[in-house]
Amino acid sequence: MFRRWGYTNQVALQHGHTGNDCRGEEHDVTLVWSVASGKCQLLMDGQEVQFIVSRGSIVDHSWTTKGNHVIQVLAHASPPMSSGQIQ
């Protein structure tokens with residue numbers, strides 16, 4: 001699983017800039033999970049955040065980044081029975 005997102009440049013936004021001119025920090029989170037072995041590696045911007053060895057069917061981990069932003073990764077080995085779609 002791979003997800004990329006970014007935060008706006010607040011100073012540029014306050015000066016009336018729009019679009020790419022307001023582009024601030026960009027980040028990515030990557031989850032590498034072997035359901036067979038139970039090994040799970042969680043990376044943010046290429047740096048390891050967590051390494052887990054668990055035979056469970058759910059990976060749930062959260063951490064705080066600079067700016068006091070909380071990132072949470074919740075992954076299921078298979079779609080939850082209560083879910084009609086995968087996000």
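Everything below is about the structure shown above.
Here's a quick rundown of the structure. Residue numbers restart at each chain and count upward from 1, following the sequence in its written direction. pLDDT decides what is reported in this predicted model: residues at 70 or higher carry local features, side-chain atom pairs at 80 or more are listed and counted, and totals for whole chains, interfaces and linings draw on all residues regardless. To get the side-chain values, take all heavy atoms of the structure and skip hydrogens and water.

Remarks on the sheet that holds strand β4 (residues 47-53)
Move 1: Think of it this way: DSSP has to see at least two bridges between two strands before they count as a pair. The numbering of helices and of strands both runs from the N terminus, where a helix is a DSSP run of H or I of at least 4 residues and a strand a run of E of at least 2. Across the sheet, four strands lie side by side as β1-β2-β3-β4; this open sheet has antiparallel pairing. Whereas interior strands pair on both sides, the edge strands pair on one side only; in this sheet they are β1 (2-8) and β4. Going across the sheet, the axis of each strand differs from the next one's by a mean of 15 degrees, ignoring polarity. Between N-to-C directions, angles cover 0 to 180 degrees, with each direction set by a line fitted to C-alpha atoms, over the stretch in contact for helices.

Considerations on the pairing of strand β5 (residues 58-65)
Move 1: Relative accessibility thresholds used throughout: buried, under 20% of the residue-type maximum; exposed, over 50%; partly exposed, between the two (1.4 Å probe, protein chains only). Residues of β5 alternate between two faces, with Val-59, His-61, Trp-63 and Thr-65 buried on one and Ile-58, Asp-60, Ser-62 and Thr-64 left unburied on the opposite face.
Move 2: Taken together, the eight bridges between β5 and strand β6 (residues 69-76) define a ladder with antiparallel strand orientation. Note on β6: the bridge partner recorded for His-61 is Val-73.
Move 3: Remark: three residues form the turn of the hairpin made by β5 and β6, two consecutive strands paired antiparallel; Gly-67 in that turn has positive phi of roughly 85 degrees.

Examining the environment of Lys-66
Move 1: Within the secondary structure layout, Lys-66 lies in the loop between β5 and β6.
Move 2: For Lys-66 and Glu-48, which are 18 residues apart along the polypeptide, the C-alpha to C-alpha distance reads 16 Å.
Move 3: Polar contacts here mean pairs of N or O atoms no more than 3.5 Å apart (in protein, one a potential hydrogen donor and the other a potential acceptor; neighbouring residues in sequence count only if both atoms are side-chain atoms). Side-chain polar atoms of Lys-66 contact the side chain of Glu-25, separated by 3.2 Å.

Regarding the environment of Leu-42
Move 1: You can see Leu-42 is positioned in strand β3 (residues 39-44).
Move 2: The spatial distance from the C-alpha of Leu-42 to the C-alpha of Ile-52 is 8.4 Å, given a sequence separation of ten residues.

Looking at unusual backbone geometry
Move 1: One non-glycine residue, Asp-45, lies in the positive phi region at around 55 degrees.
Move 2: With a phi close to 60 degrees, Asn-68 is a non-glycine residue in the positive phi region.
Move 3: Relative to the helices and strands, Asn-68 resides in the loop between β5 and β6.

Comments concerning the side chain of Asp-28
Move 1: Secondary-structure assignment places Asp-28 in strand β2 (residues 23-33).
Move 2: Charge counting follows a simple rule: Lys and Arg are positive, Asp and Glu are negative, and His as well as the terminal groups are ignored. Put simply, a salt bridge is a Lys or Arg side-chain nitrogen that is within 4 Å of an Asp or Glu carboxyl oxygen. For the buried Asp-28, no salt bridge exists, and the shortest N-O distance to an oppositely charged side chain is 4.1 Å, to Arg-4.
Move 3: In what follows, a contact means two residues having at least one pair of non-hydrogen atoms within 4.5 Å. Those residues in contact with Asp-28 that lie beyond four places of it in its chain are Phe-2, Arg-3, Arg-4, Trp-5, Leu-43, Met-44, Asp-45 and Gly-46.

A few points about the side chain of His-27
Move 1: Structurally, His-27 is set in strand β2.
Move 2: A distance of 2.8 Å separates polar atoms of two side chains, one belonging to His-27 and the other to Glu-25.
Move 3: Within the structure, His-27 has its side chain in polar contact with the side chain of Asp-45 (distance 2.8 Å).
Move 4: Apart from the residues within four sequence positions on either side, His-27 is in contact with Arg-3, Arg-4, Trp-5, Tyr-7, Met-44 and Asp-45.

Keep in mind that these numbers describe shape and distance, not what the molecule does.
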